[in-house]
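# Examining the three-dimensional arrangement
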Amino acid sequence: MHHFQQLEVNQFKIKIFVPAYPLMTDASFECSPYIKSCLQSHIDNLKKCKTLLSLVYCIIHIVKSKLATEASPMELWNGNTVKLSHAILMELEKSLPKENVIEIKESLKTIKLKYNDIDGNEHFLFFNVTSEYPKGNINILEVDLPLEVVGSLSKVNTIGQLYDLFKQSVDSLLPFWRMCKKLDEKSWVVEPSKPQKRDVYRRILINEYLSIVLTFNPLDLTSYPDVKFLGSMKAVAEGKKKYIRNIEVFGWKEELDVAENLTRLFEIDKLPVKESTCKAIDNENECYICFMSTIENEEPPSKWCNNPQCSSWYHHSCLVQWLQMVVSCAELSDHISGTCPYCGEKLWCQLRKDDK
């Protein structure tokens, strides 16, 4: 797939494709027939442009000169748009390495940037600016960072400040991501199934009857994570009792990683990993939350999710316990609603089952 830059300048629109960006080799553009005719006689000069900024300036100059000498019923020129485009391009040219500008589109107001951290990972920031830039707000459209960090990115005034803060945020989160990577390698992470950089929690297996949800503060790894317990009533009671007793006696050791702390606190040799733990959860008779087919005083697991592609089954009590733990769930009268732990589909169930 070719890398390309896309620019749109109102009131006329031009898309500029730069396959070898930041080199201008094989640069091409798409535009209306009228604008193309304006540029055609200057094609040799356009090919001599060495940077994206100089190419845009050259196009603007050619079209503006053409419109100045030719009466046209079309409103192709918008001075405010040109000023905005100039301000954005100058800011990008001044503040960022050219190879880190991935995409520019929608009248130059929507921009995608890239930053490579020292661990070799790519991070992308997708945002737009208002027509009042640099006085207006910068709106974050997409960034793979925890919500605790994203809010601060919108409080800056310029693209340069935004990129600097984006880099600082990524660098400050490296210890958190390294910790998560080590935990992912040493445990069976049930959820999220494909962890993203924005995820600050892990649900991991302790044994075939018990799992825990760890929620971390990505900006303070010195504090131990919030822990919630899931599984059969007996396993939850025993696991919680053991964990609380040992956390009070031994505490959470900063010099140990998360997996090592958990093995101490739950008094086990090591955490289960997916390849070696009890059989995978692919049986309709097993609950996706507690991994059991039968638990005390509970009917067998049922199909609660309406998504026909979802293979999850749940005990009623396990599902209610899970939904009550999720911040986004909603309780109404005797029902509770939220998303399926397996596929994310909307589902609901009764808080208490009707007596038969």
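As the structure is a computational prediction, the values presented were derived from the model and not from experiment.

Parameters at a glance
- The numbering scheme is per chain: residues are counted from 1 as the chain's sequence reads.
- Since the coordinates come from a predicted model, pLDDT governs what is reported: local features require at least 70, and pairs of side-chain atoms require 80 or more to be given and counted, while whole-chain, interface and lining totals use all residues.
- As a rule here, side-chain values come from all non-hydrogen atoms in the structure, and water together with hydrogens is ignored.
- A pair is scored as a salt bridge if a Lys or Arg side-chain nitrogen falls within 4 Å of a carboxyl oxygen belonging to Asp or Glu.
- Helix and strand assignments come from DSSP, with helices taken as H or I runs of at least 4 residues and strands as E runs of at least 2, each series counted from the N terminus.
- Each residue gets one of three labels from its accessible area relative to the maximum for its type: buried under 20%, exposed over 50%, partly exposed in between, using a 1.4 Å probe on protein chains only.
- Here the nonpolar core consists of buried residues drawn from Ala, Val, Leu, Ile, Met, Phe, Trp, Tyr and Cys, with membership extended through side-chain atoms lying within 4.5 Å.
- Only the stretch in contact is used when fitting a helix axis, every axis being a line fitted to C-alpha atoms; angles between N-to-C directions are given from 0 to 180 degrees.
- By definition in this entry, angles of less than 35 degrees are roughly parallel, angles greater than 145 are roughly antiparallel, angles of 65 to 115 are roughly perpendicular, and the rest are oblique.
- The criterion used for residue contact is that any of the two residues' heavy atoms lie within 4.5 Å.
- All amino acids are sorted into three groups, where Ala, Val, Leu, Ile, Met, Phe, Trp, Tyr, Cys and Pro are nonpolar, Asp, Glu, Lys and Arg are charged, and the leftover types, Gly among them, are polar.
- Strands were regarded as paired on the criterion that DSSP finds at least two bridges between them.
- The aromatic pairing rule takes the rings of Phe, Tyr and Trp, using the six-membered ring of Trp, and pairs them if the centres are within 6.5 Å, calling planes under 30 degrees apart stacked, those over 60 edge-to-face and the rest tilted.

What follows concerns the pattern of salt bridges. Summed over all chains, the structure comprises nine salt bridges. Lysine 94 is the salt-bridge partner of glutamate 91, the closest N and O atoms lying 3.7 Å from each other. One end of the pair is glutamate 91 and the other is lysine 94, both in helix 4 (residues 79–95) and three residues apart, which spans about a single turn. What makes glutamate 91 buried here is its relative accessible area of 12%. For lysine 94, a relative accessible area of 65% translates into the label exposed. In this structure, glutamate 122 and lysine 114 form a salt bridge, with 3.8 Å as the shortest nitrogen-oxygen distance. Take glutamate 122: its relative accessible area is 45%, and that puts it in the partly exposed class.

The subject of this paragraph is the nonpolar core. Counting residues in each nonpolar core, the largest one holds 76 residues, and the members touching the most others are Phe127, Leu145, Ile159 and Leu262. Here the element with the most residues in this core is helix 6 (residues 159–186); it accounts for twelve residues. Residues Val190, Val213, Cys287 and Cys318 belong to the second largest nonpolar core, which totals 26 residues.

Quick look at the packing of helix 6 against helix 8 (residues 258–266) now. Geometrically, a packed helix pair is captured by the angle between its two axes and the distance between the axes. Their axes nearest at 8 Å, the elements helix 6 and helix 8 cross at an angle of 55°. With respect to helix 8, the element helix 6 is oriented oblique. Residues Met179, Leu183 and Lys186 of helix 6 form the contact with helix 8, whose own contacting residues are Val258, Ala259 and Glu260. The residue makeup of the contact of helix 6 with helix 8, split by class, is four nonpolar, no polar and two charged.

Before going further, it helps to spend a moment on the sheet that holds strand 8 (residues 201–207). Read across the sheet, four strands follow the order 7-8-9-10 without closing on themselves; strand pairing throughout is antiparallel. Strand pairing shows two members of the sheet lacking a second neighbour, strand 7 (189–191) and strand 10 (226–231), which therefore form its edges. Pairwise comparison of adjacent strand axes, ignoring direction, gives a mean angle of 35° for this sheet. Strand direction decides the pairing type here: strand 7 and strand 8, joined by two bridges, are antiparallel. Counted as the bridge partner of glutamate 191 is arginine 203 from strand 8. Most of the contacts of helix 7 (residues 233–249) go to strand 10, to which it runs at about 155°, and overall it touches strand 9 (210–215) and strand 10. Relative to strand 10, helix 9 (residues 316–325) is tilted by about 165°, and along the sheet it contacts strand 7, strand 8, strand 9 and strand 10.

As enumerated under the stated definition, the model contains six aromatic pairs in all. Residues phenylalanine 229 and phenylalanine 266 carry aromatic rings whose centres are separated by 6.2 Å and whose planes lie at 65° to one another, so their mutual orientation is edge-to-face. Pair noted here: phenylalanine 229 is in strand 10 and phenylalanine 266 is in helix 8, with a separation of 37 residues, a long-range link. Phenylalanine 266 carries the same exposure label as phenylalanine 229, and that label is buried. Centroid distance tyrosine 243 to phenylalanine 266: 5.5 Å. Interplanar angle 35°. Geometry classified as tilted. With a gap of 23 residues between them, tyrosine 243 in helix 7 and phenylalanine 266 in helix 8 connect regions that are remote in the sequence. In this pair, the class of tyrosine 243 matches that of phenylalanine 266, namely buried. A connected cluster of aromatic rings, assembled from ring pairs, spans Phe229, Tyr243 and Phe266.

Everything listed here is a matter of coordinates, which is why it stays silent on function.
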